[in-house]
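# Structural overview for review
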Amino acid sequence: MRAPLSWVREYAELPAGVTGRALAAELIAAGLEVETVEQAGADITGPLVVGEVLAIEELTEFKKPIRYCQVNVGKANGTGEPQNIICGATNFAVGDHVVVILPGGVLPGGFEIGARKTYGRVSEGMICSVTELGIGDDHSGILVLPPDTPVGVDAIELLGLRDDVLDIAVTPDRGYALSIRGIAREAATAYGVPFKDPAQVDLPPKNGESYPASIGDPTACDRFVLREVRGFDPDAQTPMWMRVRLHRAGMRPVSLAVDITNYLMLELGQPLHAFDRGKLTGPIVVRRAAPGEKLETLDHVRRTLDPEDILITDESGPISMAGTMGGLATEIDERSSDMVIEAAHFDDIGTARMSRRHRLHSEASYRFERGVDRELPLYASYRAVRMLAELGGAEVMPGVTHAEAPVEPVTVTITADHPDRVAGVTYGRDTVVKRLEQVGCTVEGPASGTADVLTVTPPSWRPDLTDPNDLAEEVIRLEGYEDIPARPPHPVKGKGLTVRQRMRRRVGRALAGAGYVEALAFPFVAEKDWDALHLPSDDPRRRTLRLANPMSEEEPLLRTTLLPGLLRVLALNVGRGHGDVALFEMGVVFRPHPDAPKRAPRLAVDRGPTADELAALQAALPDQPHRVAVVLSGDREPSGWWGGGRPALWADAIEAARTVAREVGVELTVKADQHAPWHPGRCAALYVGDTLVGHAGELHPRVTKAYGVPARSCAMELELRRLGDPVTVRAPHVSSYPVATQDVALIVDDSVPAAEVEAALREGAGELLEAIRLFDVYTGEQVGEGRKSLAYALRFRAPDRTLTAEETSRARDGAVASAAERTGAVLRGV
């Protein structure tokens, strides 16, 4: 909401020295969000005066129209002689009054004016358009003033070219601030000065009804007002003061009738709409849409209406989307002289849903969504027809149509000391009552006592005040947030991170130390993600929760796996030229229970939940385990002068899982598996004991193609809670005795995993084994078809002695015997 300071001053008697920045500071202290203060016209320098065109000489020797004008500017030039000015505009004539800037003046943007020779003549100034003056966007020609405008007067003051304009970001709970009326009320309260309500006008006697109308659906509209004017002059021009205010407020002047409705909407906060009476057919009815109805709106779009849409209709069908945009069939045009002015109070939720459903947002819907004063339609409509009469020569027809559905007034009971308890500051009963009355509330209750119960009736322009805490906020903000003392909370002894939280931090640090970069992806996915991951139709990961109000309709589901978000981040990096990427993410996934209820219960806000309600709520909640996932692509080890690099392989994804497991203090068992979205021949299942904790390996080629990531990209995902409780890692005793190394090469079938062979060697080697490492894998004629050779380096060490050759050999032989028994391994060369 853009609010010119001069417009605010019209209804709040602010001190003369108050600037836009000073007012912004007061409004910010009162809780409004003033984003900027524009000093419009601050760079204009005179002399800028009103002149009368005395003579015009057409210069025909040029390709475009050029006029040499003599303009009377009175005594503004110091001589009283006419100014000779060159001008290219043709929309003015002799006798017209125009705005002239004389040599030495400066227009907006630092455009300095001087006397100079051009087109063979000396031009002593410039005749200005609204664009050059910074008060409009009309490029059609020169600004022509009314003929009674005095010659020689200062145009800066006359047209209000200098003004401070406050740009206020209005939050959804403060719809009243979308009007000069609401901002002026806040300004008057902040400075403690009188406020003049622009809506306080004396209404004429009803004298019957105007154009017939009724409310067909009270849930859509509870007040509908029509007034009628006839004989409006379609050629009547919008006065300059109104055009300037509309421009300052960010609206483009259109025509007098439209400008009046826009002007009053900005001033009062009540949207208005004008119908061409000659285009209406029969009585008007406000109702919901019927199936299959259509309406062509003013933006020339033919819209198919939803049964929940709120419509204004006549016997021909829909003529307007209520509170959003009018219909093309009944719009006023350059020939309209008889008009019906509509002002109403539509349902805020229904209007908001309709505007979002049709992606049709307007200044009117913006206000109705945030709550419009229900009492305004009678007053705003009367001011509109009166202005049409005063400025456009219309005749106001007697009578008013006032259709109304009964609405119970809202009352809130609050103890006088409730704001004190909320803020921790003693305000006192008198202060609470005074501040609530300044907001516009009616307060009833005992005359004294801080704990007395007050009955508060909020004003009609504050539909957001429905709770004692809302009223407490009004008192606190008007008294000043800066007066609330800052007291640091007292920490409770013995509290800190839980074991699980510390474990997750260790995992994150370990992966970062291994070269992974943490990514924080949105937890939202789409149905197409499951197809891109090639999940089977019965995969439990396809069972998801849909958000009631998603950030984007393209991703309305909660994730059941971390991989879609990570793959999108990987694709983004690759698309920006970063091909060697290693990313990780830790976060929750949402796995709904198969037998969970479809809807969670709505809990009351005036009491605590019962045990049954908590149980029902818990049953509706999905399982939310913490998971960790990584994705890799490109080179895991870069190449350079030191030698060739190495691409990221499925083994790196498995090693990332082992890195996570080491931080928990458990050992992983790796087994071959087939599990989407991994490549069926390069997928590993990760176990801790007999518990499946996750999968790792190379992604399926169709998955990498679907997400636009490099071929042979790898990924790992595991569930942290399945790893078990974290084990306290203790530093092992480091023996000072020498190590004994033994190498063994074992021949096994191709189908035997190397992990099983390693596990057998560990079991058979006994306590003297310190480490084991696979350093070579060989397949070829020497080992036979369908066989492979695995070479391991075994390190033995005793904590209290130097091992003998016999002890080392026995440990080695035990390891080989165990591998032979469990996997059928045979020593190579035997």
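Counting its secondary structure elements, the chain contains 21 helices and 43 strands. At 40 Å, the chain has a C-alpha radius of gyration far larger than the 28 Å of a compact globule built from 830 residues. With respect to the three principal axes, the spread of C-alpha positions in the chain is 125 × 80 × 60 Å. Per-residue burial over the chain gives 47% buried out of 830 residues. For the chain, long-range pairs separated by at least 24 residues make up 71% of all intrachain contacts whose partners lie at least 6 apart in sequence. Just so you have it, the chain exposes about 41,100 Å², and 50% of that area is on carbon and sulfur atoms. In the chain, which carries 92 positive and 118 negative side-chain charges, the distance between the mean positions of the two groups comes to 6 Å.

Each pocket or cavity is described by its volume, and for the largest pocket that value is around 1,300 Å³. For the lining of the largest pocket, the secondary-structure elements that each account for two or more residues are helix H18 (650-664), strand S36 (669-672), strand S37 (678-688), strand S38 (691-699), helix H20 (754-765), strand S41 (769-778) and strand S42 (787-796). Top element by residues in the lining of the largest pocket is H18. It accounts for seven residues. Looking at the lining of the largest pocket residue by residue, the class counts come to 20 nonpolar, four polar and 13 charged.

Moving on, we get to the packing of aromatic side chains. Across all of its chains, the model carries six aromatic pairs by this definition. Arranged with centres 4.8 Å apart and planes meeting at 80 degrees, the rings of Phe62 and Tyr119 form a pair that is edge-to-face. Taken together, the positions of Phe62 in the loop between strand S3 (48-59) and strand S4 (66-72) and Tyr119 in the loop between strand S9 (115-118) and strand S10 (121-124) put the pair 57 residues apart, joining distant regions of the chain. You can call Phe62 partly exposed: its relative accessible area is 28%. Of the residues examined, Tyr119 reaches a relative accessible area of 29% and is grouped as partly exposed. By the ring-pair criterion, three or more aromatic residues cluster together here, those being Trp7, Trp241 and Tyr263. It is Arg636 that lies over the ring of Tyr516; its NZ or CZ is 4.8 Å from the centre. The ring of Tyr687 has Lys671 lying over it, and the distance from NZ or CZ to the ring centre is 5.0 Å.

The subject of this paragraph is the packing of helix H12 (residues 429-439) against helix H13 (residues 468-479). Their axes nearest at 9 Å, the elements H12 and H13 cross at an angle of 95 degrees. Judged by the inter-axis angle, H12 sits roughly perpendicular to H13. Residues Thr431, Val432, Arg435, Leu436, Gln438 and Val439 of H12 lie in contact with H13, whose contacting residues are Leu471, Glu474, Val475, Leu478 and Glu479. Its residues assigned to classes, the contact of H12 with H13 comprises six nonpolar, two polar and three charged.

Now for the side chain of Ser735. Note on placement: Ser735 falls in the loop between strand S39 (714-719) and strand S40 (740-749). Given a relative accessible area of 12%, Ser735 falls into the buried group. Only 3.1 Å separates the side chain of Ser735 from the backbone nitrogen of Tyr737, close enough to count as a polar contact. In this structure the side chain of Ser735 is engaged in a polar contact, spanning 2.9 Å, whose partner is the backbone oxygen of Ala798. Leave out the neighbours within four places in its chain, and Ser735 touches Arg797, Ala798 and Pro799.

What follows is about the sheet that holds S38. Strand order in the open sheet formed by seven strands is S29-S32-S33-S39-S38-S37-S36, and the pairing between neighbours is mixed. At either margin of the open sheet sits one strand with a lone partner, and together these are strand S29 (517-518) and S36. Inspection of the sheet shows strand S32 (residues 581-588) paired to strand S33 (residues 626-633) by eight bridges, in the antiparallel sense. The residue of S33 that forms the bridge with Phe584 is Val630. Across the sheet, helix H14 (residues 499-513) is in contact with S32 and S33; its angle to S32 comes to roughly 175 degrees. On the sheet, helix H16 (residues 563-575) packs against S32, S33, S37, S38 and S39 and is oriented at approximately 30 degrees with respect to S33.

If you look at the biggest cluster of nonpolar residues, it comprises 59 residues, and the most contacted ones within it are Val8, Leu14, Leu23 and Leu388. Here this core takes eight residues from helix H7 (residues 256-268), the largest share from any one element. With residues near it in sequence (within four places) discarded, Leu388 still touches Val229, Phe232, Ala257, Ile260, Met339, Ile341, Gly393 and Ala394. Core analysis: the next-biggest nonpolar cluster, separate from the first, contains 31 residues, Leu511, Val666, Leu668 and Val688 among them.

Right, let's get into the pairing of S32. The element S32 is largely enclosed, with a buried count of seven among its eight residues. Note: S29 against S32, two bridges, orientation parallel. Bridge assignment links Val517 to a residue of S32, and that residue is Leu583.

Before going further, it helps to spend a moment on empty space enclosed by the protein. This model, assessed by the stated rule, comprises two cavities of 30 Å³ or more. Reported here for the largest cavity is a volume of approximately 110 Å³. What lines the largest cavity is a set of 15 residues, among which Gly175, Tyr176, Leu268, Gly269 and Asp373 lie closest to the centre. Here the lining of the largest cavity gets three residues from one element, more than from any other, and that element is helix H5 (residues 180-191). Split by residue class, the lining of the largest cavity holds six nonpolar, five polar and four charged. For the second largest cavity, the full set of lining residues is Tyr176, Gly182, Arg185, Glu186, Thr189, Gln438, Val439, Trp461, Arg462, Arg477 and Leu478. Of all elements in the fold, only H5, H12 and H13 reach the threshold of two or more residues within the lining of the second largest cavity. Top element by residues in the lining of the second largest cavity is H5. It accounts for four residues.

Reading the values: rules and limits
Residues numbered from 1 in each chain as written. Predicted model: local features only at pLDDT ≥ 70, side-chain atom pairs only at ≥ 80, totals over all residues. Heavy atoms only, no water. Helix = DSSP H or I, 4+ residues; strand = E, 2+ residues; numbered from the N terminus. Rg over C-alpha atoms; globule rule 2.2 N^0.38 Å. Buried < 20%, exposed > 50% of the residue type's maximum accessible area, 1.4 Å probe, protein only. Contact = heavy atoms within 4.5 Å. Areas by Shrake-Rupley, 256 points an atom, 1.4 Å probe, with all protein chains shown as cover. Lys, Arg positive; Asp, Glu negative; His and termini not counted. Charge placed at Lys NZ, Arg CZ, Asp CG, Glu CD. 1 Å grid on protein atoms, 1.4 Å probe; cavity = no way out; pocket = protein on both sides within 12 Å on 5 of 7 lines; lining within 4 Å. Points joined across faces, edges and corners; volume = space filled by probe spheres on them. Nonpolar A, V, L, I, M, F, W, Y, C, P; charged D, E, K, R; others polar. Phe/Tyr/Trp six-rings, centres within 6.5 Å; stacked < 30°, edge-to-face > 60°. Lys NZ or Arg CZ within 6 Å of the ring centre and 35° of its normal. Axes fitted to C-alpha atoms, helices over the stretch in contact; angles between N-to-C directions. Parallel < 35°, antiparallel > 145°, perpendicular 65-115°, else oblique. Polar contact = N/O pair within 3.5 Å; in protein donor to acceptor, adjacent residues only side chain to side chain. Pairing = 2+ DSSP bridges. Core = buried A, V, L, I, M, F, W, Y, C linked by side-chain atoms within 4.5 Å.

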